[in-house]
Amino acid sequence: MIALLRRDLALAIRAGGGFGLGLAFFLILCILVPFGVGPDSGTLAKIAPGILWVGALLACLLSLDRIFQLDFEDGTLDLLATAPLPLEAVATTKALAHWITTGLPLTLAAAPLGQLLNLPAAAMPALVLGLALGTPALSVIGTFGAALTVGLKRGGLLISLLVLPLYMPTLLFGADAARRGAEGLETTTPLLLMTGISAASLALLPFATAAALRMNLR
Amino acid sequence: MIPDLGKYQDTVLSAYGISLLLLAAIIGLSIWRARAVKRQLDATEARTNKRQ
Amino acid sequence: MSIWKYANPTQFMRTSAWLLPGLSVLAALCVATGLVWGFFFTPDDFRQGSTVKIIYLHVPSALMAINAWLMMLVASLIWLIRRHHVSALAAKAAAPVGLVMTVIALATGAIWGEPMWGTYWAWDPRLTSFLILFLFYLGYIALWQAIETQDTAADLTSVLCLVGSVFALLSRYAVNFWNQGLHQGTSVPVATGERSVADVFFVPLVFSMVGFGLLFVALVLLRTRTEIRSRRLHALLARERAADTRVAPNTPPSESPTS
């Protein structure tokens, strides 16, 4: 499992893979929004939590179809399926690798980019904590979507359509926590609910992912 | 014929119009596809039986 | 005698052929009764005016939009556990009907909302969860369309339907947390025993709801028959091509039912 994780990380960084892509997208979005909305700092401060969350989500979507596609094409996935390592563990590892290459950098980048958008300082802890707790759910759900579409030639758009409604609860609670933080309200409840979603997804979805992979490889 | 709908006439009529149109579309599409597939299947079955 | 005998396509085709005409007529009668009664012979509401007549479209279609997904969920479970092809095809057949019901519910709701709430759309919990349901239907249908191997498509869409159901339920309660609603409570008494709709409006509404339900069943039967035939057609065509490429094309095709 660790070997697989290291291999995936190395591939993502070396081959110009999805590593920088999501982050660059996130950066571009946060720079473009003020041009679109106007430089009024009050307006920006109000929409900043939402923009940051939507940006993180879209950046996540961008790199999903790479999770299994290359391994499927060169046959690595078949080898992994017959390896002694259960496919559920493979699914979890893939999700973890995806999170380290997208979710984690996005979380770290959110704080400086929040400054660009005039995010109130009070919202910062809720936003960063929310992203740290919520992006694992995005990666796990996204891995499930990638497993569903792995055999398809052009799964990119389909994956977005499939995964988008599944992302809804996470986005909702995450953005709500950041917004409440900005208004100085209690943020524990949405954060706890979101952590619940992340934990449940992490515990249950790898089984669905592995099932989908088996169906696709048969 | 049409009852007096008052000032909401457009609202009610457009709601009924759109809904009936959508229902007609899905019913029509289902029946059309059912016929088309049945026709093709019958033709193919006739061909297969002739070959035997 | 058990329900599983209908898992046999031949048996299903025979029974549904017998059932379909009567069911269609009954559905048409109920829908027509409910809508004509509702449209022509009900009084206006003292607050909503004549827009109350939209209820005969909005409530039944919303009801069937949810029930269609539940039916797909059950059918998907049956396919995953017992691997009856009819079940998978019925789920596939039901999805577009459910999608249309969702669109009708959303459209009539928006049209009604414009004069009543002053807006076509509000990010109200019920409205939002219906929009999410709409996305789920789109994704489900798109996945069916995208995969070529039919059995794999059935497997994957079933898994999507299961996972989607959990998340749809989750979204339903998450949006409650997110925004207070404009939408009124349920108009159909199920658990409370109390009814928020007066009898004059309720009786045609029942006709309309039963009618939409029957219409859904009839459409799903018809579409499932189409899917079974299409499956058989593809099997025959494939066999024909195989026979053509062989040197001696006189191997008799076996007369097995479609699968």
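Residues numbered from 1 in each chain as written. Chains lettered and ligands numbered in written order. Predicted model: local features only at pLDDT ≥ 70, side-chain atom pairs only at ≥ 80, totals over all residues. Heavy atoms only, no water.

### With respect to the overall build of chain B
Assigned secondary structure in chain B consists of 1 helix and 0 strands. In the form shown here, chain B has an accessible surface area of approximately 3,500 Å², with 61% of it arising from carbon and sulfur atoms. (Helix = DSSP H or I, 4+ residues; strand = E, 2+ residues; numbered from the N terminus. Areas by Shrake-Rupley, 256 points an atom, 1.4 Å probe, with all protein chains shown as cover.)

### A closer look at the environment of Met215 of chain A
Position of Met215 of chain A among the secondary structure elements: in helix α9 (residues 188–217). In this structure the C-alpha to C-alpha distance between Met215 of chain A and Leu204 of chain A, which are 11 residues apart in sequence, comes to 18 Å. Excluding residues that lie within four positions of it along the chain, Met215 of chain A makes contacts with Leu80, Thr152, Asp155, Leu156 and Val159 of chain C. (Contact = heavy atoms within 4.5 Å.)

### Regarding the interface of chain B and chain C
On the side of chain C, 42 residues touch chain B, which itself brings 34 residues to the contact. For the pair chain B and chain C, the summed buried area comes to about 3,300 Å², and 73% of that belongs to carbon and sulfur atoms. Here chain B is connected to chain C by 3 salt bridges. Counting every contact that joins chain B to chain C gives 5 residue pairs in polar contact (both at pLDDT 80 or more). In terms of residue class, the side of chain B that touches chain C is made up of 19 nonpolar, 9 polar and 6 charged. (Buried area = accessible area lost by both parts, 1.4 Å probe. Salt bridge = Lys/Arg side-chain N within 4 Å of Asp/Glu carboxyl O. Polar contact = N/O pair within 3.5 Å; in protein donor to acceptor, adjacent residues only side chain to side chain. Nonpolar A, V, L, I, M, F, W, Y, C, P; charged D, E, K, R; others polar.)

### A few points about the packing of helix α3 (residues 41–62) of chain A against helix α7 (residues 124–148) of chain A
Describing two packed helices takes the angle between their axes plus the distance from one axis to the other. Residue and element names in this part refer to chain A. At a minimum axis distance of 11 Å, the contact between α3 and α7 shows a crossing angle of 25°. Classified by the angle their axes make, α3 and α7 are roughly parallel. In the crossing of α3 with α7, the sense of the turn from one axis to the other is right-handed. Each of Pro49, Leu52, Trp53, Ala56, Leu57 and Cys60 in α3 lies in contact with α7, whose residues at this interface are Leu127, Gly130, Leu131, Gly134 and Leu138. Taken together, the residues of the contact of α3 with α7 break down into 9 nonpolar, 2 polar and no charged. (Axes fitted to C-alpha atoms, helices over the stretch in contact; angles between N-to-C directions. Parallel < 35°, antiparallel > 145°, perpendicular 65-115°, else oblique. Left-handed = near helix turned anticlockwise from the far one by under 90°.)

### Some words on the pattern of salt bridges
Under the counting rule described, the total for this entry stands at 11 salt bridges over all chains. For Arg232 of chain C, the salt bridge identified is with Glu45 of chain B, shortest N-O distance 2.8 Å. With Arg232 of chain C in helix α6 (residues 199–245) and Glu45 of chain B in helix α1 (residues 9–51), this pair bridges two chains. A residue is classified by how much of its surface remains accessible, and Arg232 of chain C, at 15% relative accessible area, is buried. (Buried < 20%, exposed > 50% of the residue type's maximum accessible area, 1.4 Å probe, protein only.)

### Some words on the interface of chain A and chain C
Contact residues are listed per partner, giving 28 residues for chain A and 26 residues for chain C. Between chain A and chain C, the buried area comes to about 2,200 Å², and carbon and sulfur atoms account for 85% of it. At the junction of chain A and chain C, the tally comes to 0 salt bridges. For the side of chain A that touches chain C, the secondary-structure elements that each account for two or more residues are α7, α8 (156–182) and α9 of chain A. Considering each element in turn, the side of chain A that touches chain C owes the most residues, 12 residues, to α8 of chain A. Classifying every residue of the side of chain A that touches chain C gives 20 nonpolar, 4 polar and 4 charged.

### So, unusual backbone geometry
The residue Asn118 of chain A is not glycine, and still its phi comes out positive at about 60°. By the secondary structure assignment, Asn118 of chain A is in the loop between α6 (87–116) and α7. Within the chain, Arg83 of chain C stands out as a residue other than glycine whose phi angle is a positive 55°. Along the polypeptide, Arg83 of chain C turns up in the loop between α2 (55–82) and α3 (85–117).

### Structural notes on the confidence of the model for chain B
Low pLDDT means the predicted atomic positions in that stretch should not be read closely. Of all residues in chain B, 87% have pLDDT values of 70 or greater, and the mean over the chain is 85. Model confidence for the complex: the whole-complex pTM is 0.85, and ipTM, which rates the interface, is 0.84. (pLDDT = per-residue confidence, 0-100.)

### Some remarks on helix α4 (residues 66–73) of chain A
Within α4 of chain A the residues assigned to the buried category are Ile67, Phe68, Gln69 and Asp71 of chain A. At the exit of α4 of chain A stands Gly75 of chain A, carrying a positive phi of roughly 85°.

### Description of the packing of aromatic side chains
Residue and element names in this part refer to chain C. Within this structure, the stated rule accounts for 6 aromatic pairs over all chains. Summarising the aromatic geometry, the rings of Phe39 and Phe40 are spaced 5.0 Å apart at their centres and angled 80° between planes, so their arrangement reads as edge-to-face. Note on Trp69 and Phe136: the rings are 5.9 Å apart at their centroids and 50° apart in plane angle, and the pair reads as tilted. On the criterion of sequence distance, the pair formed by Trp69 in helix α2 and Phe136 in helix α4 (residues 125–146) is long-range, its members being 67 residues apart. Note on Trp69: relative accessible area 6%, which makes it buried. (Phe/Tyr/Trp six-rings, centres within 6.5 Å; stacked < 30°, edge-to-face > 60°.)

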